[in-house]
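# Residue-level structural notes
Each chain, letter by letter, is given below.
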Amino acid sequence: MFIDKVHIHVKGGDGGAGCMSFRREAHVPKGGPDGGDGGDGGSVILVADQQKSSLIDFRFKHHFKATRGTHGKGSKMHGARGEDLVLHVPVGTVVREYSEQTKEAGELIADLSHDGERVIAVEGGKGGRGNIHFVTSTRRAPAFAELGEPASEQWIELEMKLMADAALVGMPSVGKSSLIARMSAAKPKIAAYPFTTLTPNLGVATSGDDSFVIADVPGLIEGAHEGRGLGHEFLRHIERSALIVHVVDMTGGFEGRDPISDYEIITDELAQYAEELASRPRIIVANKVDALPEGDESLARLSERVKRDSIAAAGGDEFADSPIDPKLYCVSALTGTGVDALKAAIATKVRTLRTEAHEQAASVESFDRVWELKREERDRAFTITEEEPGAWRVAGRRVERMVVQTDWENEEAVSFLQHRLRRLGVDDALAEAGARNGDEVRICEIAFEYESAEGAEDIFAELDI
């Protein structure tokens, strides 16, 4: 079954808790702290895999969770790291944030367009630090450790877009499936009624020493750019293709449509869906020429129209390069007439486009860590709102995780939390917002009294954490 869009919930593994322990050995009456760190939780990683052809693996299972880190122990024994959960997705998968409440996709996380490309969808929680990290010149025996950090979790959308060198597009029943079957070893369903093809088909075609991947995209109708006839579901598979092969039924099909009108409708739908598609390299194919009656002028009219559009796409210069091939390729998918010439033209154009794409990719700087840096920046951000007079709400991912990591039964742990909030800028932000000593500060489900940082003692000031 061909599945090209799914929504899944991913959660990293929680971090293990740090250990609060002191060295105890014979003849060492006052051993120092030796509590080990908790292990980091595993992350959920998405990897593009060319062996995958659809997202069917995620059709019935929608929740995925990595394993948690183990707790630290005494004698500086650190906890084991949780195992990452690696999910394999097809090459060409676009990953976005997704809101289960609004049912809308959000910010782009990654576009996995190359085999082996990977992205961390959600990170595992950091392991809590043991008490060996909190020794200062004045506090030699810290009696607390950090709890493990809770892992991130979120819904994400996986949208697969076919990775093909060329895409066959056109109205329903123009012969796209017959053409791909004639050009390659693909075996699509072929029948004498519209919308026989409901899912895209891929085939590998060869011409001489060249080969290329061609996609048979289900038929489009007028209004496809607005979603009519599942237009959005089909049009997105064209976005990945470097070359559009526009197939026109010269017989007009069952309805006796005008081939020129069909050509205009599909050209307009591509431009309406994505402006960039209007300038995408294109080859126009006149199919079913063997069935044309003698004296029919459709071929001449379409050929003239293609030449005009080619000149217009080149800026009005008849001799300039145009994204639209000025030659109309006349073929019969039924008899094979003209198919070899068409394959040679597609192979030549694909070879040129691959070279251009390779040169362009080599000149573009890689931004592998864009999503990680953006996520880190968002994690550090926090907001402060006055919920009622004298009561302030602090909200933010990192701030809230700090609170969850704190053992509120331990005074030293609470003092360390105050140190961390001060370093993050929460105290200064509260003061700027108008908080006064004695006001209530709320983070998550915890509420505590605000005390201005000015003149307050920070027993952990010398720690760079």
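Cut-offs applied
Residues numbered from 1 in each chain as written. Predicted model: local features only at pLDDT ≥ 70, side-chain atom pairs only at ≥ 80, totals over all residues. Heavy atoms only, no water. Pairing = 2+ DSSP bridges. Helix = DSSP H or I, 4+ residues; strand = E, 2+ residues; numbered from the N terminus. Axes fitted to C-alpha atoms, helices over the stretch in contact; angles between N-to-C directions. Contact = heavy atoms within 4.5 Å. Expected span 1.5 Å × (residues − 1). Buried < 20%, exposed > 50% of the residue type's maximum accessible area, 1.4 Å probe, protein only. Arc of directions from axis to C-beta. Parallel < 35°, antiparallel > 145°, perpendicular 65-115°, else oblique. Core = buried A, V, L, I, M, F, W, Y, C linked by side-chain atoms within 4.5 Å. Lys, Arg positive; Asp, Glu negative; His and termini not counted. Salt bridge = Lys/Arg side-chain N within 4 Å of Asp/Glu carboxyl O. Phe/Tyr/Trp six-rings, centres within 6.5 Å; stacked < 30°, edge-to-face > 60°.

## Some remarks on the sheet that holds strand β13 (residues 282-287)
Either a parallel or an antiparallel arrangement is found when strands of a sheet pair, and the pairing is made through backbone hydrogen bonds. A sheet is described by the order of its strands in space; here six strands give the open sequence β10-β11-β9-β12-β13-β14, paired in mixed fashion. Since the sheet does not close on itself, it has two edges, and those belong to β10 (201-207) and β14 (324-330), each with one partner. Mean inter-strand twist for the sheet, computed between neighbouring axes without regard to direction, equals 25°. Sheet topology places β13 next to β14; four bridges connect them, and they run parallel. Paired with I284 across the two strands is L328, which belongs to β14. The strands touched by helix α3 (residues 259-273) are β9 (166-169), β12 (243-249) and β13; relative to β12, the strand with the most contacts, the crossing angle is about 150°. Packed on one face of the sheet, helix α4 (residues 298-313) meets β12, β13 and β14 and runs near 165° to β14.

## Regarding the environment of L158
Secondary-structure assignment places L158 in strand β8 (residues 153-160). Put simply, L158 and I8 are 150 residues apart on the chain and 7.8 Å apart in space, counted from C-alpha to C-alpha. Setting aside residues no more than four positions away along its own chain, L158 makes contact with D4, K5, V6, I8, L46, L55, F58, V89, T93, V94 and V95.

## Things to note about α4
Taking 1.5 Å per residue as the helical rise, α4 with its 16 residues ought to reach 22 Å, and the 22 Å between its terminal C-alpha atoms agrees with that figure. Of all the residues in α4, the buried ones are S298, L302, R305, V306, D309 and S310. Projected down its long axis, α4 carries its buried residues within an arc of 140°, all on one side. Those residues of α4 hidden inside the fold are in contact with β12, α3, β13 and β14. Count one or two residues on from α4 and you reach G315, which has phi positive near 85°.

## Concerning the packing of helix α7 (residues 397-404) against helix α8 (residues 411-424)
At a minimum axis separation of 10 Å, α7 and α8 run at an interaxial angle of 170°. When the axis of α7 is compared with that of α8, the two are roughly antiparallel. Counting all contacts with α7, which are made through R398, V399, M402 and V403, the residues of α8 involved are L417, R420, L421 and L424.

## Description of the nonpolar core
Counting residues in each nonpolar core, the largest one holds 37 residues, and the members touching the most others are L179, M183, I238, L342 and I346. It is helix α5 (residues 339-363) that contributes the most residues to this core, seven residues altogether. Those residues within four positions of L342 in sequence are excluded, and the remaining contacts are L179, M183, I283, V285, Y329 and V331. In this structure, L46, L112, A121 and M160 belong to the second largest nonpolar core, which totals 26 residues.

## Some words on the side chain of K176
On the secondary structure map, K176 appears in helix α1 (residues 176-183). It is D216 that comes nearest to the buried, bridge-free K176 among opposite-charge side chains, at 5.0 Å.

## Focus on the pattern of salt bridges
In total, this model carries 25 salt bridges according to the counting rule given. The salt bridge partner of R442 is E388, with a shortest N-O separation of 3.3 Å. Separated by 54 residues along the polypeptide, R442 in strand β17 (residues 440-443) and E388 in strand β15 (residues 383-388) bring together distant segments of the chain. You can call R442 buried: its relative accessible area is 17%. Its relative accessible area of 42% is what places E388 among the partly exposed residues.

## Concerning the pairing of β12
A large share of β12 lies buried, amounting to seven of its seven residues. Alternating residues of β12 divide into L243, V245, V247 and D249 and I244, H246 and V248, and every residue in both groups is buried. Sheet topology note: the β9/β12 ladder contains four bridges and is parallel. Within β12, the position partnered with A166 by the bridge is L243. The pairing of β12 with β13 spans six bridges and is classified as parallel. Each bridged residue has a counterpart across the sheet, and for D249 the counterpart in β13 is N287.

## As for the packing of aromatic side chains
Scanning all chains against the criterion turns up five aromatic pairs. Through a chain of ring-to-ring contacts, three or more aromatic side chains come together here, namely F134, F144 and F416.

## Digging into the sheet that holds β17
The four strands lie next to each other as β15-β16-β17-β18, forming an open sheet whose pairing is mixed. Each of the sheet's edge strands pairs with one partner strand only, and the pair in question is β15 and β18 (446-449). Ignoring strand direction, the axes of neighbouring strands in this sheet form an average angle of 30°. Looking at chain direction, strand β16 (residues 391-395) and β17 are connected through three bridges and run parallel. Residue R393 lies in a different strand from β17, and its bridge partner there is R442. Sheet strands in contact with α7 are β16, β17 and β18, and its direction is about 95° off that of β17.

## Let's talk about the environment of P323
Relative to the elements of secondary structure, P323 occurs in the loop between α4 and β14. Placed 10 residues apart in sequence, P323 and A313 show a C-alpha to C-alpha distance of 6.7 Å. When neighbours within four sequence positions are excluded, P323 is seen to be in contact with S279, R280, P281, R282 and A313.

Taken by themselves, the reported measurements are silent on function.
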